[in-house]
Amino acid sequence: MRPIERDLLRFKEIVRGEVKKKAREFLTREELFGQVEGRLVSIPLPQLELPKIVYGEPLGEDLGLGGPGTDSLGPAGHVPVAELELEEFLDLVGEALRLPRLRPKGEGEVTEEAFRYTTIARKGPRGLRHVRRTLKESLKRALIIGEYRSEEPLLVPEREDLRYKAPRSKPRPHAQAVVLFALDVSGSMREEELRLVKTLSFWITLWIKRHFPRLERRYLLHDAEAWEVTEEEFFRAREGGGTRLSSALLLAEEILKRYPESFYNRYLYHFSDGENWQGDTPVALEALRRLLPTLALYGYAQVQGPYGQGRFLEDLREALGKEEGLAATEVKGKEDLPMALRRLLGG
């Protein structure tokens, strides 16, 4: 291995180490939010400046070093950074936080036509000419008509000898998924709770999309009633009023009819402070009993509201805690985000 290759590997290990070390910090870096497609992520790197000795000057005085072996900035006073592809960065964060790998549930696949050059044709572009097959055809023709001379094995292909690589269609399966996010925007949900929801929703989307590139996303808001919104509206909405958790579950059930479980891995995430109208919890639990067998995962995150938490998390665990595909957790602050994220992804 050449020295430059060894240095590159060492540099990559340093970057990986920084990502793993600061994985929890990255969870709340808002500059990452809002873009789920491929991009580069900047990773701040530590840089150690070696002590310098200047002839004629007392050591460490008026040199601007701050002492030997201190952390230093890069050119123009900026912190040195490295850039990673989002997918690679996400894998490192997932490894550091021990996020679970997601596997397709049931079929959850569609097929598309994929073409591989596995056949031979008599016509085609010059760039796809198959030299060996062309020479073979030329040899066969020369042997048949008696032109081949073993003492002078010269082959001159003619038009009829030319052979080309040709594509053959082959169905290729692709796993696909749909994720619905439902958010309680009743009067008891404050800015702080909504920020935690935004963080969780962003990382959940990234992690599911890492496993299912064919991912569709839908967003619901609800207080006493539920309605569908855009992604931007989902994170900016401010409402008020009472809460009926069942309204979001019933609307999600209706929307999911457009995504048959035989073709989609279906994820549903619900965020609330757990306060619910009296008499609505049985309706919500009954809707979940119908939904759970059809979902890859139902995640419920109950955030700490200004007046404490409601009872829905407790009721949910008591009624459906042993059901497969249920992931429920509570979030009191950003220190709970790593554990909550892992649980909501089925870990």
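Cut-off values and rules
Numbering of residues starts from 1 in each chain and follows the order in which that chain's sequence is written. Where totals are concerned, whole chains, interfaces and linings use all residues; where local detail is concerned, this predicted model gives features only for residues with pLDDT of at least 70, and gives and counts side-chain atom pairs only at 80 or more. Calculated side-chain values reflect all of the structure's heavy atoms, with hydrogen atoms and water omitted. We count a stretch as a helix when DSSP gives it H or I for four or more residues in a row; a strand needs E for two or more, and each element gets its number in order from the N terminus. Exposed residues in this analysis have more than 50% of their type's maximum accessible area, buried residues have under 20%, and partly exposed residues fall in between, with area computed by a 1.4 Å probe over protein chains only. Contacts are assigned to residue pairs that have any heavy atoms within 4.5 Å of one another. With residues, only the protein chains shown are counted as cover, and all accessible areas are computed by Shrake-Rupley using a 1.4 Å probe. When DSSP locates at least two bridges between a pair of strands, those strands are taken to pair. Handedness is read with the strands pointing away from the viewer; a crossover is right-handed when the path from the first strand over the helix to the second is clockwise. A residue's pLDDT is simply how confident the predictor is in it, with values from 0 to 100. We call a set of buried residues a nonpolar core when its members are Ala, Val, Leu, Ile, Met, Phe, Trp, Tyr or Cys and they connect through side-chain atoms within 4.5 Å of each other. Between the rings of Phe, Tyr and Trp (Trp by its six-membered ring), a pair exists once the centres lie within 6.5 Å; its type follows the angle of the planes, with under 30 degrees stacked, over 60 edge-to-face, and the other angles tilted. When a carboxyl oxygen of Asp or Glu is within 4 Å of a side-chain nitrogen of Lys or Arg, the pair counts as a salt bridge. Two N or O atoms count as a polar contact when they lie within 3.5 Å, although within protein this holds only if one can serve as hydrogen donor and the other as acceptor, and sequence-adjacent residues are included solely when both atoms are side-chain atoms. Structural elements are reduced to axes, namely lines fitted to C-alpha atoms, with helices fitted over the stretch in contact, and the angle between N-to-C directions of any two is expressed from 0 to 180 degrees. In this scheme, roughly parallel covers angles under 35 degrees and roughly antiparallel covers those over 145, while 65 to 115 is roughly perpendicular and the rest are oblique. By definition, turning the near helix anticlockwise from the far helix through less than a right angle yields a left-handed crossing, and turning it clockwise yields a right-handed one. In the scheme used here, Gly and all other residues not listed as nonpolar or charged are polar, with Ala, Val, Leu, Ile, Met, Phe, Trp, Tyr, Cys and Pro taken as nonpolar and Asp, Glu, Lys and Arg as charged.

### Examining the overall build of the protein chain
Part 1 of the argument: Helix and strand counts for the protein chain stand at 10 helices and nine strands.
Part 2 of the argument: A burial count over the protein chain gives 42% of its 347 residues as buried.
Part 3 of the argument: For the protein chain, contacts bridging at least 24 residues in sequence account for 77% of all contacts bridging at least 6.
Part 4 of the argument: For the protein chain, the exposed area adds up to about 20,300 Å²; of that, 50% sits on carbon and sulfur atoms.

### Remarks on helix H10 (residues 337–344)
Part 1 of the argument: Counting buried residues along H10, six of its eight residues qualify, which places the element largely inside the surrounding structure.
Part 2 of the argument: Along H10, the residues classified as buried are Leu337, Pro338, Ala340, Leu341, Arg342 and Leu344.
Part 3 of the argument: The first or second residue beyond H10 is Gly346, which carries a positive phi of 95 degrees.

### Concerning the pairing of strand S7 (residues 265–272)
Both faces of the sheet carry side chains from a regular strand, because those side chains alternate between them.
Part 1 of the argument: When you tally the buried positions in S7, you get eight out of eight residues, the bulk of the element.
Part 2 of the argument: Side-chain alternation along S7 places Asn265, Tyr267, Tyr269 and Phe271 on one buried face and Arg266, Leu268, His270 and Ser272 on a second face that is also buried.
Part 3 of the argument: Summarising the sheet, S7 and strand S8 (residues 297–303) pair through six bridges and their orientation is parallel. When the bridges of S8 are listed, Leu268 appears paired with Tyr298.
Part 4 of the argument: For the crossover from S7 across helix H8 (residues 281–291) to S8, the handedness is right-handed.

### Section: the confidence of the model for the protein chain
Part 1 of the argument: Taken as a whole, the protein chain shows an average pLDDT of 78; of its residues, 71% reach a score of 70 or greater.
Part 2 of the argument: Element-level pLDDT for the protein chain is lowest in strand S1 (residues 40–44), with a mean of 55, against a maximum mean of 95 in helix H7 (residues 245–256).

### Notes on the nonpolar core
Part 1 of the argument: Leu183, Leu200, Ile204, Ile208, Tyr267, Tyr269 and Phe271 are the most contacted members of the largest nonpolar core, which totals 43 residues.
Part 2 of the argument: The set of elements that each furnish at least two residues to this core consists of helix H3 (86–97), strand S4 (164–184), helix H5 (191–211), strand S5 (214–222), S7, S8, strand S9 (326–331) and H10.
Part 3 of the argument: Not counting the four nearest positions on each side in its chain, Tyr267 is found in contact with Leu102, Ala177, Val178, Val179, Leu180, Ile208, Phe212, Ala296 and Leu297.
Part 4 of the argument: In this structure, Ala248, Ala252, Leu285 and Phe312 belong to the second largest nonpolar core, which totals 28 residues.

### Some thoughts on the packing of aromatic side chains
Part 1 of the argument: All told, the structure shown has nine aromatic pairs when counted by the stated rule.
Part 2 of the argument: Arranged with centres 5.4 Å apart and planes meeting at 85 degrees, the rings of Phe202 and Trp203 form a pair that is edge-to-face.
Part 3 of the argument: The buried category is assigned to Phe202, whose relative accessible area is 7%.
Part 4 of the argument: The interplanar angle of 90 degrees and the centroid separation of 5.0 Å between the aromatic rings of Tyr259 and Tyr264 together place this pair among those described as edge-to-face.
Part 5 of the argument: A residue is classified by how much of its surface remains accessible, and Tyr259, at 6% relative accessible area, is buried.
Part 6 of the argument: Clustering of aromatic rings is evident, with ring pairs tying together Phe181, Tyr219, Phe234, Tyr269 and Phe271.

### Notes on the pattern of salt bridges
Part 1 of the argument: In total, this model carries 12 salt bridges according to the counting rule given.
Part 2 of the argument: Notably, a salt bridge pairs Arg311 with Glu314, separated by 3.0 Å at the nearest N-O pair.
Part 3 of the argument: When its relative accessible area of 45% is taken as the criterion, Arg311 is described as partly exposed.
Part 4 of the argument: By relative accessible area, which is 47% here, Glu314 ends up partly exposed.
Part 5 of the argument: Within this structure, Glu137, Lys140 and Arg163 form a network of salt bridges that share partners.

### Remarks on the side chain of Thr199
Part 1 of the argument: With respect to the helices, strands and loops of the structure, Thr199 is situated in helix H5.
Part 2 of the argument: Within the structure, the side chain of Thr199 is placed 3.0 Å from the backbone oxygen of Arg195, a separation counted as a polar contact.

### Here we look at the packing of H5 against H10
Part 1 of the argument: Interaxial distance between H5 and H10 falls to 10 Å at its minimum, and their mutual angle equals 45 degrees. By the angle class used here, H5 and H10 are oblique. At the point where H5 passes H10, the crossing takes the right-handed sense. Across the interface between the two elements, Leu196, Thr199, Leu200, Trp203 and Ile204 of H5 pack against Leu337, Ala340, Leu341 and Leu344 of H10.
Part 2 of the argument: Grouping the constituent residues of the contact of H5 with H10 by class yields eight nonpolar, one polar and no charged.

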